[in-house]
Amino acid sequence: GAGVSQSPSNKVTEKGKDVELRCDPISGHTALYWYRQSLGQGLEFLIYFQGNSAPDKSGLPSDRFSAERTGGSVSTLTIQRTQQEDSAVYLCASSHRLAGEKLFFGSGTQLSVL
Amino acid sequence: DQQVKQNSPSLSVQEGRISILNCDYTNSMFDYFLWYKKYPAEGPTFLISISSIKDKNEDGRFTVFLNKSAKHLSLHIVPSQPGDSAVYFCAASVHAAGGTSYGKLTFGQGTILTVHP
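Residues numbered from 1 in each chain as written. Chains lettered and ligands numbered in written order. Predicted model: local features only at pLDDT ≥ 70, side-chain atom pairs only at ≥ 80, totals over all residues. Heavy atoms only, no water.

A. Representation of the overall build of chain A within the structure. Across its full length, chain A holds 0 helices and 10 strands. Its C-alpha atoms give chain A a radius of gyration of 13 Å, within 12% of the compact-globule value 13 Å for 114 residues. C-alpha extents for chain A along the principal axes are approximately 40 × 25 × 25 Å. Scored against the burial criterion, the 114 residues of chain A give a buried share of 48%. Long-range contacts, defined here as pairs at least 24 residues apart, represent 54% of the contacts in chain A between residues at least 6 apart. Accessible surface, chain A as shown: approximately 5,500 Å² in total, 45% of it carbon and sulfur. If you average the places of the 11 positive and of the 11 negative side-chain charges in chain A, the two averages end up 3 Å apart. (Helix = DSSP H or I, 4+ residues; strand = E, 2+ residues; numbered from the N terminus. Rg over C-alpha atoms; globule rule 2.2 N^0.38 Å. Buried < 20%, exposed > 50% of the residue type's maximum accessible area, 1.4 Å probe, protein only. Contact = heavy atoms within 4.5 Å. Areas by Shrake-Rupley, 256 points an atom, 1.4 Å probe, with all protein chains shown as cover. Lys, Arg positive; Asp, Glu negative; His and termini not counted. Charge placed at Lys NZ, Arg CZ, Asp CG, Glu CD.)

As structure tokens, this is what we get:
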């Protein structure tokens, strides 16, 4: 597609449930990132995938968070046993290997944990 | 510990005037800085960047200034237009060994810019 696609755009879940968020990066972009933005906060780095290298998971806030990237393209961010503090906009971005910091973001998934 | 700070939550400017958005950072290892713009219900979009070897970078109406000694950067928009109304995020990164760039960015909290007609 022309841009980074994320689904769903909105997700409401009950505390304790698991959720999966999906990201389709721009074709040809080797790098994929997950960020989140909590209310009134800046964007917080979660995880980074680059080609076949081991992902940089240093931003994941707890072991309830995990992500995978299949076939070097689509990525899924999974949050297990969701908590109210997980409520945020989860943003996926991709970039070309020659312009790593120029991120192209999707519109995000608004996650609300009740 | 907030390594990138945007101390002004909002800024209001008249159309045609200059908008100046400020950003401070604490990590002296940061060597690349960027500004992103975000409209409601959309993801942020890249606006302009600057390497630490420069003190100014200009792109049309947008200029970014970097003062390394003060650990401060600013974004100037001249002239401001109503379509510039958005949230502006400052971001910083540390290049990996060998100068490889990648998008593990540290973002500020954002400044809401409103440009009045």
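B. Structural context of the interface of chain B and chain A. Between chain B and chain A, the contact holds 20 residues from the first and 20 residues from the second. Counting across the chain B and chain A interface gives 1 salt bridge. Between Asp-56 of chain A and Lys-104 of chain B there is a salt bridge, with its nearest N and O atoms 3.3 Å apart. Where chain B packs against chain A, one counts 7 residue pairs in polar contact (both at pLDDT 80 or more). Mapped by element, the contributors of at least two residues to the side of chain B that touches chain A are β4 (32-38) and β9 (86-93) of chain B. Here the side of chain B that touches chain A gets 4 residues from one element, more than from any other, and that element is β4 of chain B. Each residue belonging to the side of chain B that touches chain A can be placed in one class, and the counts come to 10 nonpolar, 7 polar and 3 charged. (Salt bridge = Lys/Arg side-chain N within 4 Å of Asp/Glu carboxyl O. Polar contact = N/O pair within 3.5 Å; in protein donor to acceptor, adjacent residues only side chain to side chain. Nonpolar A, V, L, I, M, F, W, Y, C, P; charged D, E, K, R; others polar.)

C. View of the state of the cysteines. Per the counting criterion, the structure on display carries 2 disulfides over all chains. Bridging Cys-23 of chain A to Cys-92 of chain A, the disulfide has an S-S length of 1.8 Å. Between Cys-23 of chain A and Cys-92 of chain A, the S-S dihedral sits near -65°, and the bridge is therefore left-handed. In this pair, Cys-23 of chain A is assigned in strand β3 (residues 19-24) and Cys-92 of chain A in strand β8 (residues 88-95), connecting sequence segments 69 residues apart. Residue Cys-23 of chain A is classed as buried on the basis of its relative accessible area of 0%. Here Cys-23 of chain B is linked by a disulfide to Cys-90 of chain B, with a sulfur-sulfur distance of 2.0 Å. (Disulfide = S-S within 2.5 Å.)

D. Local environment of the pairing of strand β6 (residues 65-69) of chain A. All names here are of chain A. Along β6, the buried face is formed by Phe-65, Ala-67 and Arg-69; none of Ser-66 and Glu-68, which line the opposite face, is buried. In the sheet, β6 pairs with strand β7 (residues 75-79) via 5 bridges, with the strands oriented antiparallel. When the bridges of β7 are listed, Arg-69 appears paired with Ser-75. Where β6 folds back onto β7 in an antiparallel hairpin, the turn is made up of 5 residues, including Gly-71, whose phi is positive at roughly 60°. (Pairing = 2+ DSSP bridges.)

E. Molecular detail of the sheet that holds β7 of chain A. Residue and element names in this part refer to chain A. Overall, antiparallel pairing links the 4 strands, which are arranged β1-β3-β7-β6 in an open sheet. Looking at strand neighbours, the two that pair on one side only are β1 (5-7) and β6, the edges of this open sheet. Ignoring strand direction, the axes of neighbouring strands in this sheet form an average angle of 15°. (Axes fitted to C-alpha atoms, helices over the stretch in contact; angles between N-to-C directions.)

F. Geometry of the packing of aromatic side chains. What the rule picks out here adds up to 11 aromatic pairs over all chains. Centroid distance Tyr-35 of chain A to Phe-107 of chain B: 5.5 Å. Interplanar angle 85°. Geometry classified as edge-to-face. A residue pair is termed interchain when its members come from two chains, as with Tyr-35 of chain A in strand β4 (residues 31-37) and Phe-107 of chain B in strand β10 (residues 106-107). Comparing Tyr-35 of chain A with Phe-107 of chain B, the two get one shared label, buried. With a centroid separation of 5.9 Å and an interplanar angle of 75°, the aromatic rings of Tyr-36 of chain B and Phe-46 of chain B are classed as edge-to-face. One end of the pair, Tyr-36 of chain B, is in strand β4; the other, Phe-46 of chain B, is in strand β5 (residues 45-51), and 10 residues separate them in sequence. For Tyr-36 of chain B, a relative accessible area of 0% translates into the label buried. Grouped by ring-pair contacts, the aromatic residues Tyr-35, Phe-45 and Phe-105 of chain A together with Tyr-36, Phe-46, Phe-89 and Phe-107 of chain B constitute a single cluster. (Phe/Tyr/Trp six-rings, centres within 6.5 Å; stacked < 30°, edge-to-face > 60°.)

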